Amino acid sequence: MEKRDFGNTGLRTSILGFGGFHLLEIPLAEARVLLNGYLDAGGNYIETAFGYGDGESERKIGLSVSHRRDEYILVTKTGERGRQGCLDSVNRSLSNLKTEYVDVLLMHAVGTMEDLDAILAPDGAVAGAEQAMREGKVRFIGLSMHGQPDVLVEALRRYPFRAVMTTINYYDHFNFPEIEETLLPLANAKNVAVILMKPVADGLLYRSAEPAFRYAFSQPVSVVVGGINSRAMLEADLSYAEAFVPMSDEDKEKLYRDAPELGNYVCRQCGKCLSCPEGIDMPEIFRLEGYYDRQMADGTVTDTADFALRQRLRFWFGNNGMARNLYRDLSVKGDRCTECRICMPKCPYGIDIIRKLGIADYKLADKDIY
Ligand code: SF4
Ligand code: SF4
């Protein structure tokens, strides 16, 4: 399996990483099979968090593969924001994982500037992680966050984190475009390792796993972490990694155009409709709809399982309050649309812009009825 530099740490990671969250869904005996199978196939990156089942995921990893500790790069996370809490969390994680050290400790889900201020305070979690480094319990410090990347961008400017974990997939490419436009170039310029999570958008792209992984592997990232909870999934994910050929820009454009999950609802942010006589900025409103619920509620129910999955995932990242605040500040909102239809034929993706504006305005302006 291809290996890549893990930023400037001197580590090299297999392009497919093993994400430990879904170990909560399977018994220890099956976790043993999957984790050892992954290592046997050449994988070397295992990631978890204390917060996954209050240490259960960590304990399953410790019981399954701690006897092979020199074969993998081990990453865990702490949700603590203070120095002592972080130190206690590291000690608990090491005990769960049956190891003397983790390679990377990620500050978990640093979602607000207040979180960032807290972890970087003199008595914050990063100070605790630095002490754990001096004690040989942690080798490198990073941080993670879902969705909109403002806080991660600010974090990389304020502290020399060695790794950053973020959401990248071809679906959320259109909901959080700043990740690929701003965060990735900044991390690459600083030689900070990028850990890609959610290559199949929390399961939304399950029917398109092969192109989804190919898209993810094609990003300038160190490792793509997949949540693996079955032998069939392990086999499939390994096969995608082994067969990986980078996507060209043309390949990506074709995927953006044809992907069934994007269909004729998700705005591709191309700007070709921008000539509204009312001054409505449609791609901006649809970008805020992406922040709000990843453009997942489209006003139609065609497949029950898909509908249920979207309902479960749409507020997963918790950016909806921020989206409503940003929408409130727009001087021209979606309800100014006069349905003149000038924009409609201009959308290359067949989006019913008038209808979508109504749905986005309903969501973002917190209206009672659509
Ligand atoms: S249909 Fe609505 S959004 Fe489109 S150009 Fe006319 S007023 Fe603007
Ligand atoms: S033309 Fe279509 S895809 Fe492009 S910005 Fe407008 S609505 Fe979005």
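Conventions adopted
Residues numbered from 1 in each chain as written. Chains lettered and ligands numbered in written order. Predicted model: local features only at pLDDT ≥ 70, side-chain atom pairs only at ≥ 80, totals over all residues. Near = placed C-beta within 6 Å. Helix = DSSP H or I, 4+ residues; strand = E, 2+ residues; numbered from the N terminus. Nonpolar A, V, L, I, M, F, W, Y, C, P; charged D, E, K, R; others polar. Axes fitted to C-alpha atoms, helices over the stretch in contact; angles between N-to-C directions. Parallel < 35°, antiparallel > 145°, perpendicular 65-115°, else oblique. Left-handed = near helix turned anticlockwise from the far one by under 90°. Contact = placed C-beta atoms within 7 Å. Domains from an automatic or database assignment. Buried ≥ 20, exposed ≤ 12 C-beta atoms within 10 Å, placed from the backbone. Pairing = 2+ DSSP bridges. Right-handed = clockwise from strand over helix to strand, strands pointing away.

(A) Geometry of the site of ligand 1. Around ligand 1, the structure places 14 residues, and the nearest of them are C276, C337, C340, I342 and C343. If one sorts the elements of the shell around ligand 1 by residue count, helix α14 (residues 353-364) sits on top with three residues. Looking at side-chain class alone, the shell around ligand 1 contains 10 nonpolar, one polar and three charged residues.

(B) Spotlight on the packing of helix α6 (residues 150-158) against helix α7 (residues 178-189). Where α6 meets α7, the axes come as close as 9 Å, and the angle between the chain directions of the two elements is 25°. Considered as vectors, α6 and α7 are oriented roughly parallel to each other. Considering how the two elements wind past one another, α6 and α7 form a crossing that is left-handed. Within the contact between the two elements, α6 uses L152, V153 and L156 and α7 uses T182, L183, L186 and A187. Its residues assigned to classes, the contact of α6 with α7 shows six nonpolar, one polar and no charged.

(C) Layout of the domain arrangement of the protein. Segmenting the protein into domains produces domain 1 (3-254) and domain 2 (282-364). Taking only C-alpha atoms, the centre of domain 1 and the centre of domain 2 are 30 Å apart. Listed by partner, the interface residues are 11 residues for domain 1 and 11 residues for domain 2. Here the side of domain 1 that touches domain 2 is built from residues that sort into three nonpolar, six polar and two charged.

(D) Summary view of the pairing of strand β3 (residues 16-19). Both faces of β3 are covered, namely the face carrying L16 and F18 and the face carrying G17 and G19. Direction of pairing for β3 relative to strand β10 (residues 223-227): parallel, over a ladder of four bridges. Bridge pairing in β10 links G19 to G227. One ladder, built from two bridges, connects β3 with strand β4 (residues 45-47); its direction is parallel. In the sheet register, F18 faces β4, and the bridge partner there is I46. Between the parallel pair β3 and β4, the chain is carried across by helix α1 (residues 28-40), and the sense of this crossover is right-handed.

(E) Representation of the sheet that holds strand β8 (residues 163-167) within the structure. The parallel closed barrel is built from eight strands, whose spatial order is β3-β4-β5-β6-β7-β8-β9-β10. For this sheet, the mean inter-axis angle between neighbouring strands, taken without regard to orientation, is 30°. Two strands pair when backbone bridges link them, and strand β6 (residues 102-107) and strand β7 (residues 138-144) are joined in this way by five bridges, in the parallel orientation. Across the sheet, V102 pairs through a bridge with V138, a residue of β7.

(F) Broad picture of the site of ligand 2. Taken together, 15 residues lie near ligand 2, and C267, C270, C273, P283 and C347 sit nearest. Looking at which element gives the most residues to the shell around ligand 2, the answer is helix α11 (residues 282-293), with three residues.

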